[in-house]
Amino acid sequence: MSIQDKIVEIMKNIVNKGTDFSIDLESRLVEDIGLDSLNKVLLIGDIEDEFQLEINDSMFSDISTVGEIVDEISKLYSLKDGVTYEK
Amino acid sequence: MKNRVVITGIGPVSALGIGKKEFFSNLLDLKNISVPVKESFLKTYKLKSKFYVPTPAIDYSTYNFYSSLRRDTPENARLSLLAAHLALEDANFTVLDKNAAVIWGTGIVNLEVPIAAYQANITGTRFNRMTIPSTMTNAPAAWISIINGLHGDSYTINTACASSTYAIGEGFRKIRSGYADVVITGGVELLREDSGGIMRGFDVLTTLSKSNDGNPMPFSNARSGFLFNEGSACCLILENYESALRRNAHIYAEVSNYSANSDANNIIVMEPTGNYIKLLLEDLINSEKIDYYNAHGTGTILNDNIEAKVIQDLFGDKETQPYINSTKGILGHSIGASGAIEAAVCALSIDLSIIHGNRIYDPIDNLNLPLNTVSCEVKSAISTSFGFGGHNAGLLFKKIKY
């Protein structure tokens, strides 16, 4: 599973939408997915757990789409130890 | 309105067994489950108590509620969810009443979460964002409602070692007065902590057993305190008798009375005359004949002295006393979960006509303490719990023909 797919999966679990709810790189966190402040906390926590990263809360203040999350996480993940994410 | 209340499902989770069959079978065999304390417990303090009962290691992924758990669902909630799952499975509802209430008991919160948060905060390592929802005392009750989709009221009762006896008692009152038809009740305690600090907390109060073999022996003259059980849970399904009959449920026993009062004496020491315990029992029993008394029986010098005296005052000599045992002599003291576990033991004893023995030698004189497990009809049973702070509670169970 790619980083993008995993992030979409985590997102769907948190906002509790069914499998037919579509989320893509262009989906906006607030307007399209309906992510509120508590969901954002859960999202960051789950991403930290899944990718074994430590995420600064402020990182999310400039992010508004799923694509931007994927970019940021991919960057942080590759900085870790150069391994590629494969699950 | 005075509805009758019955027990239709039982789900124990402990080192003695997961689920009623394994749990009760090991209990009847008086299985020894204590283990020596870990090396990590002894770094800065020499524990006087050398043995404890660990939290059972459980593979939750084999249970169907696992997929709805978050990675950070705290362990005390997981133990509680498993206990509730087992009890609900046992109760065998075709359709569970979604207005069922949840009344859960716990003595202390699961300290490993706030302890880890403190460590992360002072060392700058990763901080668990779910620290607060995983620490809050209501978490287990909330998780039970969430996972099972229950919309009845859901809350947690706290009265130290009497917590889950109080929880069951309140569940009994709720159904009896017509506020609910089904109550999911019981309790949990999870005091697991790698440095042994929590066990030390009990040890410095001189409440823990100093035995050389991990056998606490409540009601023995050689006793010296209780066996620390760091993690257990137990769930009972209470139901309105009429609804249980209508759906052909298996009924273990009726909960026919509940009584509670306070010693108002001291934050850890029981009131030495046992007067309030005696009043509680008189109120609970109301001149009924009692076949079986499942004692609070921690194994401390003080508790067992007082409890023995009250038993003798109330029931007379050995020959006229009910059979007496202490489940804590086999399982150890699981604090907030102990009341629910002991209520389950009473219900199972009534249902299966068997009373577990007491794994002791040199028993206190003039007490009807069977050393071996006894097969006999049990028409009525009592369970008592006395918590730090003087919280006393008792439940009366009766065999029911249905």
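Above this text you will find the structure in question.
Residues numbered from 1 in each chain as written. Chains lettered and ligands numbered in written order. Predicted model: local features only at pLDDT ≥ 70, side-chain atom pairs only at ≥ 80, totals over all residues. Heavy atoms only, no water.

(A) Representation of the overall build of chain A. Scanning chain A from N- to C-terminus turns up 3 helices and 0 strands. Counted from the first residue to the last, chain A has its helices and strands arranged as α-α-α. The buried share of chain A, taken over its 87 residues, is 44%. For chain A, restricting intrachain contacts to residue pairs at least 6 apart in sequence, the fraction spanning at least 24 positions comes to 58%. Approximately 5000 Å² of chain A is accessible, and the part contributed by carbon and sulfur atoms is 46%. (Helix = DSSP H or I, 4+ residues; strand = E, 2+ residues; numbered from the N terminus. Buried < 20%, exposed > 50% of the residue type's maximum accessible area, 1.4 Å probe, protein only. Contact = heavy atoms within 4.5 Å. Areas by Shrake-Rupley, 256 points an atom, 1.4 Å probe, with all protein chains shown as cover.)

(B) Summary view of the nonpolar core. Residues and elements named next belong to chain B. In this structure, I7, F23, F24, L238, V255 and F397 are the most contacted members of the largest nonpolar core, which totals 53 residues. Considering each element in turn, this core owes the most residues, 9 residues, to helix α12 (residues 338-352). In this view, F397 contacts I7, A253, E254, V255, A343, C346, I350, K379, S380, A381 and S383; residues no more than four positions away in its chain are not counted. With 33 residues, the next largest nonpolar core counts I58, Y63, A84 and A139 among its residues. (Core = buried A, V, L, I, M, F, W, Y, C linked by side-chain atoms within 4.5 Å.)

(C) Just the sheet that holds strand β8 (residues 228-229) of chain B, in detail. Residues and elements named next belong to chain B. Pairing in this open sheet of 3 strands is mixed, and the strands run β3-β4-β8 from one edge to the other. The sheet terminates laterally at β3 (35-36) and β8, the two strands that pair on one side only. Strand direction decides the pairing type here: β3 and strand β4 (residues 51-53), joined by 2 bridges, are antiparallel. Pairing of P36 across the sheet is with F51, part of β4. (Pairing = 2+ DSSP bridges.)

(D) Looking closely at the pairing of strand β1 (residues 5-14) of chain B. Residues and elements named next belong to chain B. The element β1 is extensively covered by neighbouring structure, given that 10 of its 10 residues are classed as buried. Bridge count for β1 against strand β10 (residues 253-262) is 3 bridges, and the pairing is antiparallel. Bridging from a neighbouring strand, V6 pairs with E254 of β10. In this sheet, strand β9 (residues 231-240) lies alongside β1 in antiparallel orientation, the contact comprising 8 bridges. When the bridges of β9 are listed, G9 appears paired with I237. Here β1 pairs with strand β2 (residues 17-18) via 2 bridges, running antiparallel. Within β2, the position partnered with V13 by the bridge is I18. Linking β1 back to β2 in an antiparallel pair, the connection comprises 2 residues.

(E) Structural detail: the side chain of N240 of chain B. Relative to the assigned elements, N240 of chain B resides in strand β9. With near-sequence residues (within four places) excluded, N240 of chain B lies in contact with N3, R4, I175 and D181 of chain B.

(F) Looking closely at the packing of aromatic side chains. Residue and element names in this part refer to chain B. This model, assessed by the stated rule, comprises 7 aromatic pairs over all chains. Ring centres 6.0 Å apart and planes at 10 degrees place the aromatic pair Y63 and F65 in the stacked group. For the pair formed by Y63 and F65, the shared burial category is buried. With centroids separated by 6.3 Å and ring planes inclined at 80 degrees, the aromatic side chains of Y166 and Y258 adopt a geometry described as edge-to-face. Note that Y166 is positioned in helix α6 (residues 163-176) and Y258 in strand β10, a separation of 92 residues in sequence. (Phe/Tyr/Trp six-rings, centres within 6.5 Å; stacked < 30°, edge-to-face > 60°.)

(G) Quick peek at the interface of chain A and chain B. Of the residues lining the interface, 12 residues belong to chain A; the matching set on chain B comes to 7 residues. Linking chain A with chain B are 6 salt bridges, by the criterion used here. The residue R126 of chain B makes a salt bridge to E48 of chain A at a minimum N-O spacing of 3.3 Å. At the boundary of chain A and chain B, one finds 6 residue pairs in polar contact (both at pLDDT 80 or more). In terms of residue class, the side of chain A that touches chain B is built from 5 nonpolar, 1 polar and 6 charged. (Salt bridge = Lys/Arg side-chain N within 4 Å of Asp/Glu carboxyl O. Polar contact = N/O pair within 3.5 Å; in protein donor to acceptor, adjacent residues only side chain to side chain. Nonpolar A, V, L, I, M, F, W, Y, C, P; charged D, E, K, R; others polar.)

(H) Region of the structure containing the environment of C376 of chain B. Note that C376 of chain B resides in the loop between β14 (374-375) and β15 (380-387). Residues C376 of chain B and I355 of chain B, 21 residues apart in the sequence, show an inter-C-alpha distance of 7.5 Å.

(I) The arrangement of the environment of G339 of chain B in detail. Residue and element names in this part refer to chain B. Along the chain, the position of G339 falls in helix α12. For G339 and S385, which are 46 residues apart along the polypeptide, the C-alpha to C-alpha distance reads 6.3 Å. Apart from residues no more than four positions distant in its own chain, G339 is found in contact with C161, S164, T165, I168 and S385.

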